[in-house]
Amino acid sequence: MANYDKATIEELIDGTIDFFKLKEMLSSFKDPGRFDTYLEILQERVKWDDRILLPYGLHLYVVQKMDGKRVIKCDCGHEFCEAHENWKLNALIYVRDTDSQLQELYPALLAPDPQWQIIREYYCPTCATQLEVEAVTPWYPIIHDFEPDIDGFYEEWLGRPVPQPVEK
Amino acid sequence: MVTKEGEKVVSRRKTQILAIDAGGTMTDTFLIDDQGEFVVGKAQTTPGDESVGLLHSAADALTFWDMTVEDAFPQLLTGVYSGTAMLNRLVSRKGRKVGLIVNKGMEDHHRMGRAIQSYLGYSYSDRLHLNTHRYDPPLVPREWTRGVTERIDLFGNVVIPLYEHEVAPAVRELVDMGVEAIVISLLHSYKNPVHERRVRDIAQQTLKELGADLPVFASVDYYPVRKESHRTNTTIIEAYAADPSRRTLELVDERIKERGARFDIRVMASHGGTISIKANELARTLVSGPIGGVVGGKYLGEALGIKNIVCSDIGGTSFDIALINQGDFTIDTSPDMARLVLSLPLVAMDSVGAGTGSFVRVDPYTKSIVLGPDSAGYRVGVCYREGGIETITVSDCHVVLGLINPDNFLGGQIKLDRERAYQAVKEQLADPLGLSVEAAAYGVIELLESQLRNYLESLVMGKGYSPAQFACFSYGGGGPLHTAGYVKGLGFEDVLVPAWAAGFSAFGCGAADFEYRYDKTLDINVAYGASDAERRTAGSTLQEAWNELTEKVHEEFEKNGFRRSDVQLRLYYRMQYQGQLNDLEIESPLTSVTSAAEWDQLTATFEDTYGRVYARAARSPELGYTVTGAIVRGSVDVPKPKIPEEPYAGETPPQSAFHGQREVYWDGKFIKADIWEMEALKAGNRIRAFAIIESPATTFVVPPGFEAVLDTHRIFHLRQTSGE
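Rules used in this analysis
Residues numbered from 1 in each chain as written. Chains lettered and ligands numbered in written order. Predicted model: local features only at pLDDT ≥ 70, side-chain atom pairs only at ≥ 80, totals over all residues. Helix = DSSP H or I, 4+ residues; strand = E, 2+ residues; numbered from the N terminus. Contact = placed C-beta atoms within 7 Å. Rg over C-alpha atoms; globule rule 2.2 N^0.38 Å. Buried ≥ 20, exposed ≤ 12 C-beta atoms within 10 Å, placed from the backbone. Nonpolar A, V, L, I, M, F, W, Y, C, P; charged D, E, K, R; others polar. Core = buried A, V, L, I, M, F, W, Y, C linked by C-beta atoms within 7 Å. Pairing = 2+ DSSP bridges. Expected span 1.5 Å × (residues − 1). Bend = angle between axes of the 7 residues up to and from the residue. Axes fitted to C-alpha atoms, helices over the stretch in contact; angles between N-to-C directions. Domains from an automatic or database assignment. Parallel < 35°, antiparallel > 145°, perpendicular 65-115°, else oblique. pLDDT = per-residue confidence, 0-100. Left-handed = near helix turned anticlockwise from the far one by under 90°.

Asks: Explain the overall build of chain A here, please?
Replies: For chain A, the helix and strand inventory stands at 5 helices and 7 strands. The linear arrangement of helices and strands in chain A, starting from the amino end, is α-α-α-β-β-β-β-β-α-β-β-α. Of the contacts made within chain A by residues no fewer than 6 positions apart, 44% connect residues no fewer than 24 positions apart.

Okay, structure coming up:
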């Protein structure tokens, strides 16, 4: 079974990995240590101490608080909500629903008709990083992208219990 | 060769054929003598001047016969070269800087390529896995592409005249950018070449005025066939990789002649013949290796009077199958190589990524054994410490089971470590599956063989044939180990394993005709019940194409000093019912077609072939006919390797061939296998199971339920003795 060193996984995270290495990784069975190495790298890169349980999206993590709560947290330390809730409801939202707003993004004549499709951009209230973009019909509810079953993932896939909070 | 007394005969050996396979890292040389015996030499490939590595490699081979290059080369009758230098140049994108002229508005078509090019060469699972798809960098980048205005439609009509004044500026810009060759490929030029030829002439004129000495390649002069991407890719390869490789080949030719060789070296080409290094279309020498075996199978079949053959080849990385039907192999007219779609005629082969070097893994989710598709190749497996491989391979399982003698692998050149293989199979396979090490290793062999058997069966049956109509040839370094396993129960008419199985591809290269083949796309439509005049016109259109191609064949042979009378020509046409999608390539029963009655002979031959390939009841003359292409194949006589001939010596093998017994694990138990030395067996000898017949380069297993008989041509016939 393949095993990759930490530098390779860092390249994977940063998107700087060579295509042929990436292709080899994609075509092989997943290396058993991948999740832990991945998490270790993410944990090293953030400035706060909360333990990351799961990467949630670009710049976002599910972390474990000392009281056992699982919270969605940004790189910068901003905490949105608990893991089962929709963090987007607590983000800054910029809606492009006029022709001129949409045409800022597209070449001439290629922008969608805002009566049919709008674009919603979600930003972190603390660091203003763009965290997510969705293209939907104007009336569509805010999409709840991902509701992870963290207990199931740890116990059934990784074969170990979810880590418990420890005093530092 | 070993005499009765067991002493080596060196002085009487007559070297006959030289076959060279110059790979990216190693150059292999095969020298075949007049008994069909061969030696293999290896040396490091020397990029830049490949002839250096080649001579080292030949010298290495000849040490086995106590001969030198200077002794052996003057005796040689012929030599065939195949190498991967051109392919490497292409794959590593280290070719010539080529400028491309296409239709204005079509400048991006080469860069965009065909979607299939993003996953060519991938395993089935990767083809489905979009994230793995990737477009390789184009051979000619967009900056070095220029468009000129013109348009010819698919019927060959001029829709927009050529804007001649656009050509010279395009050429000048390309020259200013420093291109080293110019390729021209215009839409539908195969149908009407006038514009493309005019562009070519203006380009040559402009280059002359600029004092720039650059070659110009117009697609119509090379590959006048349908499919723009294929034709453009192939013509670019000609300029990019093939033409620059010509110098390499000339050097090889010069060096072997300096050592006394008295023949012009030939190069194995994709259509199954060999061509001169002076050939116009050199890109077709891009492919070489595996088709050698098929050519050898055809040659051996002709010599033995076998018309229908399934050629099966197991090497380190793949299992290749090709069908020979009525004495001829099938040609694929738009194959792919190096992840590019091409318009070259290629001997049709089917490959699956399962060989003796294939990696064996356990799927962590389903706990099932997975073979390949990647492989250790020449690094064998974990059992070969120096190879540095950590994942177990099929070869490791062979070693564990006792099928391969770890001390006699490649004649003892490589020592294999059984203990290492055993431990690795235990850790990676047996323990996770909860099996004994032997049972796990046996499971791998069974799985591999059943995969190969299914593949072989589906291929033969899928084309509408039954294995009972075919003889199966099994060769390649790993073939004879698994022959019994993959032919079991399929009911082939006969199963043949040549004693020179490991060198069979090289033998095949040596057996290839000196032959040129040229193709041209046509669209001749003749309706059902067409008039005499219409049929006569159709015939003469085909005849014109044949004449044009015949001229090209003659021009090629003239470069090597052959007279027109030396050349044997064979004319072919591709025909289909109007509106159907698949055409058939058919040899013309006539040498010229001028009358309506002669045209009718062509359609009658097509009807016969169609009935044989599909079904008589499926013939549909009421649809009318389309000729989609004309083909001319021309060959001249060249020496071929002799098929060995030995006196019959009886059924009982000589005691000197018996090398004792070895314990082998087979189907749940340990049994004693008789070990035979392949070279010491005599014609007529019958070998009963369980037997392992060893030679330095291959191992032939005769498992329970089988027996093998060696005939007078040093070919084993494997027979099933009990039904299963």
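Asks: Could you clarify how one ought to interpret the overall build of chain B in this entry?
Replies: A tally of helices and strands in chain B yields 17 helices and 35 strands. What you see for chain B is a C-alpha radius of gyration of 27 Å, in line with the 27 Å of a compact globule of 724 residues. A principal-axis box enclosing the C-alpha atoms of chain B has dimensions of 80 × 60 × 60 Å. By residue count, 47% of the 724 residues in chain B fall in the buried class.

Asks: In this structure, what is going on with the interface of chain B and chain A? I would like to understand it.
Replies: Interface size is often expressed as the accessible area that is lost when the parts come together. Counting from both sides, the interface comprises 9 residues of chain B and, opposite them, 5 residues of chain A. Residues that form the side of chain B that touches chain A fall into these classes: 1 nonpolar, 4 polar and 4 charged.

Asks: Where do I start with the nonpolar core in this structure?
Replies: Looking at soluble globular proteins, one finds that nonpolar side chains tend to be buried together. By size, the foremost hydrophobic cluster in this structure holds 206 residues, and its most contacted members are Val98, Ile182, Val425, Ala441 and Leu542 of chain B. Examining the composition of this core, we find that 10 residues originate from one element, helix H13 (residues 437–462) of chain B, more than from any other. The contacts of Ile182 of chain B, once residues within four sequence positions are left out, are Gly99, Ile101, Val171, Leu174, Ala203, Leu214 and Val216 of chain B. Judged by nonpolar contacts, the second largest core, of 15 residues, contains Leu53, Tyr61, Ala83 and Trp87 of chain A.

Asks: What should I look at first to understand unusual backbone geometry in this one?
Replies: Negative phi characterises most residues that are not glycine, and trans characterises most peptide bonds. Residues and elements named next belong to chain B. Between Gly372 and the following residue, Pro373, the backbone shows a cis peptide bond with an omega angle of 0 degrees. Within the secondary structure, Pro373 is located in strand E22 (residues 369–375). Cis geometry marks the peptide bond from Ala689 to Phe690, where omega comes out at -5 degrees. Relative to the helices and strands, Phe690 resides in the loop between strand E31 (686–688) and strand E32 (691–694).

Asks: Hey, could you run me through the pairing of strand E34 (residues 706–710) of chain B in this one?
Replies: The side chains of a regular strand alternate between the sheet's two faces. Residues and elements named next belong to chain B. Residues Phe706, Ala708 and Leu710 point to one face of E34 and are all buried, whereas Glu707 and Val709, pointing to the other face, are not buried. Pairing of E34 with strand E35 (residues 715–720), which is carried by 5 bridges, proceeds in the antiparallel orientation. Among the inter-strand pairings, Leu710 is bridged to a residue of E35, identified as Phe716. As consecutive antiparallel partners, E34 and E35 are separated by 4 residues, and within that stretch Arg714 has a phi angle of approximately 60 degrees, a positive value.

Asks: Looking at this model, I keep getting lost on helix H12 (residues 418–433) of chain B. Mind explaining?
Replies: An α-helical turn contains 3.6 residues, so any two residues separated by three or four positions project in the same direction. Residue and element names in this part refer to chain B. Its 16 residues give H12 an end-to-end C-alpha distance of 21 Å, which sits within 8% of 22 Å, the value for a rise of 1.5 Å per residue. At Lys426, H12 shows its largest bend, some 45 degrees. Among the residues of H12, Ala421, Ala424, Val425, Gln428, Leu429 and Ala430 are the ones counted as buried. Buried residues in H12 make contact with strand E21 (358–362), helix H11 (394–401) and H13. The positive-phi residue at the C-terminal boundary of H12 is Gly434, with phi of around 70 degrees.

Asks: Explain the sheet that holds strand E6 (residues 145–148) of chain B to me, please; I cannot follow it from the model alone.
Replies: The pairing of strands in a sheet happens through backbone hydrogen bonds and is either parallel or antiparallel. All names here are of chain B. In space, the 4 strands of this open sheet follow the order E6-E5-E9-E10, with parallel pairing throughout. Whereas interior strands pair on both sides, the edge strands pair on one side only; in this sheet they are E6 and strand E10 (216–218). Neighbouring strand axes in the sheet, compared pairwise and without regard to direction, differ in orientation by 20 degrees on average. With 3 bridges joining them, strand E9 (residues 181–184) and E10 adopt parallel strand pairing. Residue pairing in the sheet places Ile182 in a bridge with Val216 of E10. Its contacts with the sheet put helix H7 (residues 194–210) on strand E5 (98–103), E6, E9 and E10, and the angle it makes with E10 is roughly 175 degrees.

Asks: I keep staring at the sheet that holds strand E3 (residues 70–74) of chain A and nothing clicks. Help me out?
Replies: All names here are of chain A. The strand order across the open sheet built from 4 strands is E1-E2-E3-E4, with neighbouring strands paired in antiparallel fashion. Both edges of this open sheet fall to strand E1 (51–57) and strand E4 (79–82), since each of them pairs with a single strand only. Across this sheet, the average inter-strand angle for adjacent strands is 30 degrees, counted without regard to direction.

Asks: Is there a simple way to explain the domain arrangement of chain B in this structure?
Replies: When the domains of chain B are assigned, the result is domain 1 (15–88 + 246–267), domain 2 (91–244), domain 3 (358–447), domain 4 (514–636) and domain 5 (655–720). A separation of 51 Å is found between the C-alpha centroids of domain 3 of chain B and domain 4 of chain B.

Asks: Would you mind going over the packing of H12 of chain B against H13 of chain B with me for this structure?
Replies: How two helices pack is summed up by the angle between their axes together with the distance between the axes. All names here are of chain B. Two elements in contact, H12 and H13, have axes separated by 9 Å at closest approach and are oriented at 85 degrees. Taken as axis vectors, H12 and H13 run roughly perpendicular relative to one another. Of the residues in H13, those in contact with Tyr422, Val425, Lys426, Leu429, Ala430 and Leu433 of H12 are Val437, Ala440 and Ala441.

Asks: Honestly, the environment of Thr46 of chain B in this entry has me stumped. Any pointers?
Replies: Residues and elements named next belong to chain B. Looking at the element boundaries, Thr46 is found in the loop between strand E3 (38–44) and helix H1 (50–63). The partly exposed category is assigned to Thr46, around which 16 C-beta atoms lie within 10 Å. Sequence separation between Thr46 and Gly316 is 270 residues; the distance between their C-alpha atoms is 23 Å.

Asks: Explanation requested: the confidence of the model for chain B in the structure shown.
Replies: As a general rule, the predicted coordinates of low-pLDDT regions are not to be interpreted in detail. Residues and elements named next belong to chain B. With 97% of its residues at a pLDDT of at least 70, chain B reaches an overall mean of 90. Low pLDDT, under 50, characterises residues 1–11; the predicted model gives this stretch 10 contacts beyond four residues in sequence or across chains. As a predicted assembly, this complex carries a pTM of 0.85 together with an ipTM value of 0.80.

Asks: What is the right way to look at the packing of H11 of chain B against H13 of chain B in this model?
Replies: Residues and elements named next belong to chain B. Contact geometry of H11 with H13 gives a least axis separation of 9 Å together with a crossing angle of 130 degrees. Classified by the interaxial angle, the pair formed by H11 and H13 is oblique. Helix-helix and strand crossings are classified by hand; for H11 and H13 the assignment is left-handed. Along its contact with H11, which presents Val394, Cys397, Val400 and Leu401, the element H13 presents Val437, Glu438, Ala441, Tyr442, Val444, Ile445 and Leu448.

Asks: Would you take a moment to explain the environment of Pro480 of chain B for this structure?
Replies: Residue and element names in this part refer to chain B. As for its position among the elements, Pro480 is in helix H14 (residues 479–487). With 16 residues separating them along the chain, Pro480 and Leu496 place their C-alpha atoms 9.6 Å apart. With residues near it in sequence (within four places) discarded, Pro480 still touches Ser474, Val497, Ala501, Thr698, Thr699, Phe700 and Val701.

Asks: Explanation requested: the pairing of strand E2 (residues 60–64) of chain A in the structure shown.
Replies: Residue and element names in this part refer to chain A. Most of E2 is tucked away, with 5 of its 5 residues classed as buried. Residues Leu60, Val62 and Gln64 of E2 are buried on one face, and the alternating residues Tyr61 and Val63, pointing to the opposite face, are buried as well. In textbook terms, the turn of a hairpin is the stretch between consecutive antiparallel strands, and for E1 and E2 this stretch comprises 2 residues, one of which, His59, has a positive phi near 75 degrees. Where E2 lies against E3, 5 bridges are found, and the strand directions are antiparallel. Residue Gln64 lies in a different strand from E3, and its bridge partner there is Arg70. In sequence, E2 turns back onto E3 through a hairpin of 5 residues, with Gly68 there showing a positive phi of about 90 degrees.

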